[in-house]
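# Reading the structure
Below, each chain spelled out in residue letters.
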Amino acid sequence: MDPKLINSVKQLLGQRDQPIVIVTHTNPDGDAVGSSLGLFHCLGNAGFSRLSVIVPNPYPSFLHWLPGNGEVITASLQPENAQALIREAKLIFCLDFNGLARTDQLEDPLRNAAGIKILIDHHPQPEPEFDLVFSFPSYSSTAEMVFKLLEGLELMSFFDHDAAACLYTGIVTDTGSFSFSCNNSDTYRITARLIEYGVDGERVHRLIYNTYSADRMRLLGFCLSEKLVVIPEGDTAYISLTRNDLERFNHQVGDTEGVVNYALSIENIFMAALFTENEDHIKVSFRSAGRVDVNLFAREHFNGGGHKNAAGGKSFDSMKKTLARFEKLVKNGAHLHE
Ligand code: 5GP
Ligand code: MN
């Protein structure tokens, strides 16, 4: 990380009593919440007294055990509170997203905010709407970046077990438990340091991955046995879920997390997609292996983006139309960019 840039943040952090907001993207995942709370704990321990963590909407219950969960402000539930904090903030840390549009209803309040916006993110192609930009797509996760930043800021004397548990969660979830984006040995060195702070890796794994409700497990079974479609000529597999499907299994936030990865686990499948019907749009999750670039595919065809091998987007057509369009694109090789 550029020492000049780190120095600028150091200068900005001069006053301990200035209002500071940490904000992350909509539908927050383990890295979004973990990196935000990791930064929150360390800055809090360092004496910053007016810190807030704001998420646009609720996150899955398998992240509710994270230390600091009770402090998180959910903008969709407390819009006025969230907007006032953003308006008054002197510094706004923007974690795990590369454009304000990724924060949905917080986009305008953030755009209009007077506070200095510091981006800390590992998605490619950041938008030019931040004042200070830490953008490193080679990092496994934003959590790993936060660790490096705290080291650079010489704040590690305030780092503790709670901060470590949050950053560990970010790394584990964004690497699929060290199964992708994990070929950089630094990731393991930092993970080792987090374990040295007393993180119980087995417990964290259990809390994140082995806390399914029976309904969620049955929804997964239904996806795999009834809803999986394979397009062998496009090396692609996908799953779609209508509102009806979701209601049948008493769907809760986070229940479809990880489903798309199963489609990618099939031999000779290099792109996987999950289509989930929301109230006013269809949310699409993409995963890929190797050279298929789903960031490009999501940007070009589904109003989205993300990483090369994990991206998302939206469709405003019906499910039927969306799936027909997707199948056509894949059969025409639109996901093969070379
Ligand atoms: P997921 O499929 O787990 O929701 O998201 C996978 C990756 O794609 C994450 O890095 C996430 O930030 C990004 N992503 C998901 N949905 C969108 C979207 O609608 N727009 C953009 N630009 N990125 C998205
Ligand atoms: Mn991330």
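As the structure is a prediction and not an experimental result, all values here were calculated from the model.

So, on to the coordination of the manganese ion (ligand 2). Around the manganese ion (ligand 2), the protein contributes the donor atoms Asp-31 (OD), Asp-96 (OD), His-122 (NE2) and Asp-174 (OD), which lie 2.2 to 2.3 Å from the metal centre. Coordination of the manganese ion (ligand 2) draws on donor residues from a single chain, spaced D-x64-D-x25-H-x51-D in sequence. In this pair, Asp-31 sits in helix α2 (residues 30-45) while Asp-174 sits in helix α6 (residues 161-174), placing the two residues 143 residues apart along the sequence. Like Asp-31, the residue Asp-174 is buried in the burial classification.

Parsing the chain into structural domains produces domain 1 (3-209) and domain 2 (214-331). Facing 13 residues of domain 1, the contacting portion of domain 2 comprises ten residues. In this assembly, domain 1 packs against domain 2 so that about 870 Å² is buried in total across both faces, 50% of it on carbon and sulfur atoms. At the junction of domain 1 and domain 2, the tally comes to one salt bridge. With its nearest N and O atoms 3.9 Å apart, the salt bridge here joins Lys-314 to Asp-104. If you look at where domain 1 meets domain 2, you find three residue pairs in polar contact (both at pLDDT 80 or more). Taken together, the residues of the side of domain 1 that touches domain 2 break down into five nonpolar, six polar and two charged.

Counting 54 residues, the largest nonpolar core has Leu-13, Phe-93, Ile-120, Phe-134, Phe-159 and Leu-194 as its most contacted members. The dominant element in this core, judged by the number of residues it contributes, is α6, at eight residues. Residues in contact with Phe-93, not counting those within four places in the same chain, are Val-9, Leu-13, Ile-20, Val-21, Ile-22, Val-23, Leu-39, Leu-43, Ile-118 and Ile-120.

About the thresholds
- Residues numbered from 1 in each chain as written.
- Chains lettered and ligands numbered in written order.
- Predicted model: local features only at pLDDT ≥ 70, side-chain atom pairs only at ≥ 80, totals over all residues.
- Heavy atoms only, no water.
- Donors = N, O, S within 2.8 Å, 3.2 Å for Na, K, Ca; no water.
- Helix = DSSP H or I, 4+ residues; strand = E, 2+ residues; numbered from the N terminus.
- Buried < 20%, exposed > 50% of the residue type's maximum accessible area, 1.4 Å probe, protein only.
- Domains from an automatic or database assignment.
- Contact = heavy atoms within 4.5 Å.
- Buried area = accessible area lost by both parts, 1.4 Å probe.
- Salt bridge = Lys/Arg side-chain N within 4 Å of Asp/Glu carboxyl O.
- Polar contact = N/O pair within 3.5 Å; in protein donor to acceptor, adjacent residues only side chain to side chain.
- Nonpolar A, V, L, I, M, F, W, Y, C, P; charged D, E, K, R; others polar.
- Core = buried A, V, L, I, M, F, W, Y, C linked by side-chain atoms within 4.5 Å.

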